[in-house]
Amino acid sequence: MIELYHSQRAMRAMRSAALQRGVIAVLDVGTSKIGCLILKFEGAENRIDGDGVGSLAGQSGFQVIGSALTKSRGIEYGEIVSMPETERAIRTALQSAQKMANSRVDHVIACVSGGSPRSYGLEGDMDIKSEIVDDKDIGDVLGACIIPSYEIDREILHAQPVNFSLDHRTGLSDPRGQIGKHLSVDMHLLTIKEKTIQDLAYCIKRCDLELAGVASSSYVSALSSLVEDEKELGAACVDLGGGSTNISIFWKKHMIFAETIKMGGELVTRDISMGLQVPLSAAERIKTRNGGVLATGIDDREMIEISSETGDWELDRRIISRSDLIGIMRPRIEEILEEVRASLDNAGFDDLPSQKIVLTGGASQVPGIESLANKILGQQVRLGRPMRIHRLPQAYSGPTCAGLVGLSLFAAHPQDEWWDFSPRSKNFSGQSVSRVFRWFKDNW
Amino acid sequence: MQQINFSKFRKRDPAPSRFRYKFSRWMLSPLIKKAVLYALPLFIIASPFLIYFQDQKNKEQAQEIAFDLYRKIIERPEFMLDALSIEGASDSLNTEIRNILGLNFPVSSFDLNLADLRELVLSLPPVEIAETHIKGGGILHIKVNEKTPALLLKKEMGFTVLSAHGDYIRSVSSRKDFSNLPVITGVGAETAASQATAILKVIDKKLSQVRGLVFVGHRRWNIIMTSGQIIMLPENNPEQAIQKILILDKAEQILSRQIAVFDFRLPSRITLRVPTANYGQTNSEIIGVRN
């Protein structure tokens, strides 16, 4: 526990060191692609409007100077299965991003999509000695949270204070400076498998980079796809990725739940490949060019030529209709969305005042997925695109890069977490100081 | 049938090797980036020259070419000086200046340092102020202010011409050229030359037949008359003593009387000495010895 606290603090220190240098990389290691953005920070943000939000939603303090997107290797369902392959893929992405940025980058912030994250809601409370709440009190109350017993092979990825209550007032986002006697906190704790994060850290270390932060990919894709109101009123972000589907629920501007379903767009590709007996690459191509989930009359007449190179003419020259393709894709996507529904139900999403669901990620580009999601997830579904950040290339503005953009936002403005507050040291309290003082008084 | 090597068609791994990756990062590090961008091209451009000039022979050759080019430029007729004109110098000084400068015309103005020439001219004793400049048409112009000879210092051998302030001007063997100048003598007379000038100014032809002034004992002056009479002047304020003599001479014509020495050393107690039998001898002794 203490070890994690210190390692997370060390990463925060690394991040501020990187910001001082002005250049930091964000790395999204996904199942189907590895994306890398190199961000350049230019001091303080220029201008803050009257409502406290600057231009570009307060994200104008940095710009993208290098970017690279490469096919992912050695990763399945968001977890590294072949370290050398993954290392190579990371090298490819980083080298081309560095080349574009024309600058060397030493610090990287990465996100983890796999590792079966698990959410816990924690509570902690304590009495305040000095009447006014200060940083130390917040550190203390966060430390007073009862940590649930999770498996030994898990590690805490996020520990974000969600809500503070002071005496009988609740819903405080920042109680510092307020007067009260009894402070309590709700904390959202996210644990993931230790091995997943260690593998990633090792791969990054092998590339001569320093890890300056880790985030859950459910969290970061929601950061970029949800708008402020949705975060405030309650919304779920569903990132339909290649290997896994990441779900996160936001309420009162804080993430309160995150989960990963190990199903994604690659399963659809695999189904097409098996159903049509074509190689995976051809299946992927057909999926992206002709895919859909809603069959209409015209789809029966829209024929798709399937070309493969087995040498068997009968097999290589086939024509299928688009409704055939939809017939393969739709059940799988339905299954994924039903899993999402089940997961949201488990999390108690129905209890939130607003039940907005935002679909993002590569698989959300399938035509017609919106109306399919309407049937399964409810009426308030929209497709999310990541918000704009300064100088982001056009190719990265699609929903595929929601995680990457969110990671940039995370790098610029990370949320306060448990390790950002230092609790009062138990060993060195006021007593010992007064003892030293008394000793001086007696002896001099 | 020919075997087809399929490995040839296999796609190359797009990932950079570890070494390549590290190398590219190294190349992007700020210092190396700058070195490659600026230092390397500079070195490449400079290296042929450096290699060429490593050889002493090439170096000398290049220096020779550069020197020839330099001479060619500075010896253009526009920069050449053909004559020296000297203004404000007597004929003898004129020759002296020409000798000391020792210029062989035509000479390039680049080879001359006007400040040095001026120092050289100023080092000549008769020159008080000198200006050097180059006039159009290739003429080096030197303007000189000569010191005016005011006193003639008699030495054991010959004479020295001094300015009014005792500055040395020149040595002459006879006083033929400077017969109009008053003569002074005595050990250390040149140090008190300004006082002598002041005394002579007061006398100013009112005392006729002054032969000269003698500086006595490093402190005071004697006036020697052509008649052999001696006027001993005090150390302080000799001008007042002369005024007194002039008044006395006007009233009593004392200078035309038979008196050998007018002792004005103590102005309140004027002493007169009558000539003894060996009048001339004593005087000549007094000139040098008595104070």
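In this report, the structure presented in the accompanying data block is examined. (Residues numbered from 1 in each chain as written. Chains lettered and ligands numbered in written order. Predicted model: local features only at pLDDT ≥ 70, side-chain atom pairs only at ≥ 80, totals over all residues. Heavy atoms only, no water.)

## Some words on the environment of L233(A)
Residues and elements named next belong to chain A.
Okay, step 1: Inspection of the secondary structure assignment puts L233 in helix α6 (residues 228-233).
Okay, step 2: Each C-alpha atom, one on L233 and one on S354, is 5.8 Å from the other, the two residues being 121 residues apart in sequence.
Okay, step 3: In this view, L233 contacts W251, P353 and S354; residues no more than four positions away in its chain are not counted. (Helix = DSSP H or I, 4+ residues; strand = E, 2+ residues; numbered from the N terminus. Contact = heavy atoms within 4.5 Å.)

## Quick look at the packing of aromatic side chains
All names here are of chain A.
Okay, step 1: The full count for this structure, using the stated rule, is 11 aromatic pairs over all chains.
Okay, step 2: Centroid distance F41 to F62: 5.4 Å. Interplanar angle 40 degrees. Geometry classified as tilted. Here the residue F41 occupies a position in strand β2 (residues 33-41), and F62 occupies one in strand β3 (residues 62-71), the gap between them amounting to 21 residues.
Okay, step 3: Judged by relative accessible area, which is 14%, F41 ranks as buried.
Okay, step 4: Pairing Y219 with F410 gives two aromatic rings, centres 6.1 Å apart and planes at 85 degrees, and the pair type is edge-to-face. (Phe/Tyr/Trp six-rings, centres within 6.5 Å; stacked < 30°, edge-to-face > 60°. Buried < 20%, exposed > 50% of the residue type's maximum accessible area, 1.4 Å probe, protein only.)

## A closer look at the pattern of salt bridges
Okay, step 1: Taken as a whole and assessed by the stated rule, the structure comprises 35 salt bridges over all chains.
Okay, step 2: For E284(A), the salt bridge identified is with K287(A), shortest N-O distance 3.8 Å. Of this pair, E284(A) and K287(A) both sit in helix α8 (residues 280-290), three residues apart, which is roughly one turn of that helix.
Okay, step 3: In this structure K287(A) comes out as buried when scored by relative accessible area, which is 15%.
Okay, step 4: Salt bridges sharing partners connect three or more residues here, namely R21(A), R104(A), D106(A) and R25(B). (Salt bridge = Lys/Arg side-chain N within 4 Å of Asp/Glu carboxyl O.)

## A few points about the interface of chain B and chain A
Okay, step 1: In this complex, chain B contributes 15 residues to the contact, which on the side of chain A involves 18 residues.
Okay, step 2: Taking both partners together, chain B and chain A bury about 1,400 Å²; carbon and sulfur atoms supply 45% of that area.
Okay, step 3: Contact with chain A buries surface across chain B, with R18(B), Y21(B) and R25(B) losing the most and accounting together for 47% of the total.
Okay, step 4: Linking chain B with chain A are four salt bridges, by the criterion used here.
Okay, step 5: A salt bridge links D106(A) to R25(B), with the shortest nitrogen-to-oxygen separation between them at 2.7 Å.
Okay, step 6: Run the count over chain B and chain A and you get 11 residue pairs in polar contact (both at pLDDT 80 or more).
Okay, step 7: Looking at which element gives the most residues to the side of chain B that touches chain A, the answer is helix α1 (residues 18-28) of chain B, with eight residues.
Okay, step 8: In terms of residue class, the side of chain B that touches chain A is made up of six nonpolar, three polar and six charged. (Buried area = accessible area lost by both parts, 1.4 Å probe. Polar contact = N/O pair within 3.5 Å; in protein donor to acceptor, adjacent residues only side chain to side chain. Nonpolar A, V, L, I, M, F, W, Y, C, P; charged D, E, K, R; others polar.)

## A word on the state of the cysteines
Okay, step 1: Evaluation of the coordinates by the stated rule reveals zero disulfides over all chains.
Okay, step 2: There is no disulfide at C203(A), and the cysteine sulfur nearest it, in C207(A), is 6.9 Å away. (Disulfide = S-S within 2.5 Å.)

## Thoughts on the pairing of strand β7 (residues 159-162) of chain B
Residues and elements named next belong to chain B.
Okay, step 1: The two faces of β7 match: F159 and V161 on one face and T160 and L162 on the other face are all buried.
Okay, step 2: The sheet contact formed by strand β6 (residues 151-154) and β7 spans four bridges and is antiparallel. Each bridged residue has a counterpart across the sheet, and for K154 the counterpart in β7 is F159.
Okay, step 3: Hairpin remark: β6 followed by β7, antiparallel, with four residues in the connecting loop; positive phi at G158, about 75 degrees.
Okay, step 4: Relative to strand β8 (residues 168-172), β7 is paired through four bridges, and the arrangement is antiparallel. In the sheet register, L162 faces β8, and the bridge partner there is Y168.
Okay, step 5: Taken together, β7 and the strand that follows it, β8, pair antiparallel across an intervening segment of five residues, in which G166 is found at a positive phi of about 85 degrees. (Pairing = 2+ DSSP bridges.)

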